[in-house]
Structure formats: C-alpha cells, structure tokens
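The primary structure of each chain is shown beneath.
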Amino acid sequence: GESVGLHLPTLSVQEGDNSIINCAYSNSASDYFIWYKQESGKGPQFIIDIRSNMDKRQGQRVTVLLNKTVKHLSLQIAATQPGDSAVYFCAENNNAGNMLTFGGGTRLMVKP
Amino acid sequence: DTGVSQNPRHKITKRGQNVTFRCDPISEHNRLYWYRQTLGQGPEFLTYFQNEAQLEKSRLLSDRFSAERPKGSFSTLEIQRTEQGDSAMYLCASSPQGGEYEQYFGPGTRLTVT
C-alpha cells in the first residue's frame, strides 16, 4: 500500500508502553475535536472525540485531553500494540459540522 | 460492508483528461463531504452536501472541479482538464443527521496525473 505522511513527526514506542501524541490547534472558537487514525492506503478512522466543554474523555485504551488555555490536545494510548502503528491526526470543528480542519499528523511506530 | 465506499480506489490519467470519482455514504447519512489529501498532509476540506444540496465549497475547489449528489445518496466528484497538481487522495466522508460532527471516512480514491 502507499505510505501516508512520508515526512511526518514520528513517535517510536515499545510494544506495551503508553503513547502520547500531541496536537496544537489554532482556532479558539473550535468546539469539537476528533482524533483519527490513518493506516497506509486507508481513509482516516475515527478514534475518539471531545467537546470543548470537557477536558478529558476516555475510551477503550485511549484518552483524549483538551487544554483550551493553551489550545492543546493530546491522545494517550495505553499498552500500545503493533496494530496501533499508523499516522494520527487531530481535527477541529468550529462550523457546526460543515468541515473539519486537520492538523499535520504524527506517525506512531510500535516496536515489538 | 456498511461503511463509506469509494470507486475507483486508484486512477491514473494523463494531464488534460477528465476524471470522475464516486462515493457511496453510509446508509441514511444525510451529510456527505469531500476532502483532498496530499502526501504528508492531513485531509483538506473541499465541499459538503446536506441531502442533495451542496451547501459549502472550499476555495480549493476550482472551477475545474464539480461535485453532485443528485438523489441525496451517492455523490460524484469530477475533475476536468486534470493537472499534475491534482494528484492526491480524494476522500469522502459522511455523517448522520444529528451527528454532524462525527464524520466517517471512506478508503479514498488515489489520483495520479501523469
């Protein structure tokens, strides 16, 4: 398959460790944020979302933290597995669902 | 398969030719979006439909691009007189009524203009 994000920042972690992927967003009016996972040759896959009235949300093995003061979003993946290897994008929405604005992405590589 | 589907998955065309891509959204999703993604970048919004109405278009969508969703179900994206700069992954997403923030993406159509 094709490679997504040839020149992206890369986070390399050992299998079983926790991963933290960070994202800075630009628009203080954004009220909804999503993390997507994109594997090579595939479209972005929804992981977890958070609204601006929250600062933390947990899913299965994933946690998203939102710091509106500094416009920062993070994705924490617990017990990272080889299947988590992908490019991760944060996206923000400030226009009632009309469009998502994506960040630049981070490549996560999990070493077995 | 109940996800968003896109066809073709890959398209190679010569500069100056016209191409058309198709997107079938998740059943009963009333909103449909088109994005473009180049290597190393996140997807960029092109346009979206609510049912059959095209409600917003990005400045990225030049007059060589046209999108339709005639019956409020599948959508087509046509690029006329393709240029090498059009080479990209074209992604389609859909969202359900009341869940407009949740956009579910298809696998994309990879366009290469030679």
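One can find the structure itself at the top, above this paragraph.
So, here's what we can say about the structure. (Residues numbered from 1 in each chain as written. Chains lettered and ligands numbered in written order. Predicted model: local features only at pLDDT ≥ 70, side-chain atom pairs only at ≥ 80, totals over all residues. Heavy atoms only, no water.)

Moving on to the overall build of chain B. When you go through chain B residue by residue, the secondary structure sums to zero helices and 11 strands. For chain B, the C-alpha radius of gyration of 13 Å lies close to 13 Å, the compact-globule estimate for 114 residues. When the backbone C-alpha atoms are referred to their principal axes, chain B occupies close to 40 × 25 × 25 Å. When the accessible area of chain B is evaluated, it comes to approximately 5600 Å², of which 41% is carbon and sulfur surface. Here chain B holds 14 positive side-chain charges and 13 negative ones, and the gap between their average locations is 8 Å. (Helix = DSSP H or I, 4+ residues; strand = E, 2+ residues; numbered from the N terminus. Rg over C-alpha atoms; globule rule 2.2 N^0.38 Å. Areas by Shrake-Rupley, 256 points an atom, 1.4 Å probe, with all protein chains shown as cover. Lys, Arg positive; Asp, Glu negative; His and termini not counted. Charge placed at Lys NZ, Arg CZ, Asp CG, Glu CD.)

Turning to the overall build of chain A, a few remarks are in order. Along the backbone of chain A there are zero helices and 10 strands. Counted from the first residue to the last, chain A has its helices and strands arranged as β-β-β-β-β-β-β-β-β-β. Relative to its length of 112 residues, chain A is compact, with a C-alpha radius of gyration of 14 Å against a globular reference of 13 Å. Each of the three principal axes of chain A carries a C-alpha extent, and together these read 40 × 25 × 20 Å. Relative to its 112 residues, chain A shows a buried fraction of 44%. On chain A, roughly 5400 Å² of surface is accessible, and the fraction owed to carbon and sulfur atoms is 47%. In chain A, 10 side chains carry a positive charge and 9 a negative one; their mean positions are 2 Å apart. (Buried < 20%, exposed > 50% of the residue type's maximum accessible area, 1.4 Å probe, protein only.)

Counting from both sides, the interface comprises 24 residues of chain B and, opposite them, 29 residues of chain A. Taken together, the two surfaces of chain B and chain A that pack against each other cover about 1900 Å², and 54% of this comes from carbon and sulfur. Counting across the interface, chain B meets chain A through zero salt bridges. Here chain B and chain A share four residue pairs in polar contact (both at pLDDT 80 or more) between them. Every element with two or more residues in the side of chain B that touches chain A is listed here: strand S4 (31-37), strand S5 (44-50), strand S9 (88-95) and strand S10 (104-105) of chain B. A per-element tally of the side of chain B that touches chain A places S4 of chain B first, with four residues. Taken together, the residues that form the side of chain B that touches chain A break down as 12 nonpolar, six polar and six charged. (Contact = heavy atoms within 4.5 Å. Buried area = accessible area lost by both parts, 1.4 Å probe. Salt bridge = Lys/Arg side-chain N within 4 Å of Asp/Glu carboxyl O. Polar contact = N/O pair within 3.5 Å; in protein donor to acceptor, adjacent residues only side chain to side chain. Nonpolar A, V, L, I, M, F, W, Y, C, P; charged D, E, K, R; others polar.)

Residues and elements named next belong to chain A. Spatial ordering of the open sheet is given by S2-S7-S6-S5, a layout of four strands whose pairing is antiparallel. Of all strands in the sheet, those bounded by a partner on one side alone are strand S2 (19-24) and strand S5 (56-58). Strand-to-strand, the axes of this sheet are offset by a mean angle of 15°, without reference to chain direction. Sheet topology note: the S2/strand S7 (residues 72-77) ladder contains six bridges and is antiparallel. Across the sheet, the residue bridging to Ile 21 is Leu 75, located in S7. (Pairing = 2+ DSSP bridges. Axes fitted to C-alpha atoms, helices over the stretch in contact; angles between N-to-C directions.)

Moving on, we come to the sheet that holds strand S3 (residues 19-24) of chain B. Residue and element names in this part refer to chain B. Spatial ordering of the open sheet is given by S1-S3-S8-S7, a layout of four strands whose pairing is antiparallel. Either end of the sheet is taken by a strand with one partner, and the two such strands are strand S1 (5-7) and strand S7 (65-68). Strand-to-strand twist in this sheet, taken as the mean axis angle between neighbours without regard to direction, amounts to 15°. Looking at chain direction, S1 and S3 are connected through three bridges and run antiparallel. Paired with Ser 5 across the strands is Asp 24, a residue of S3.

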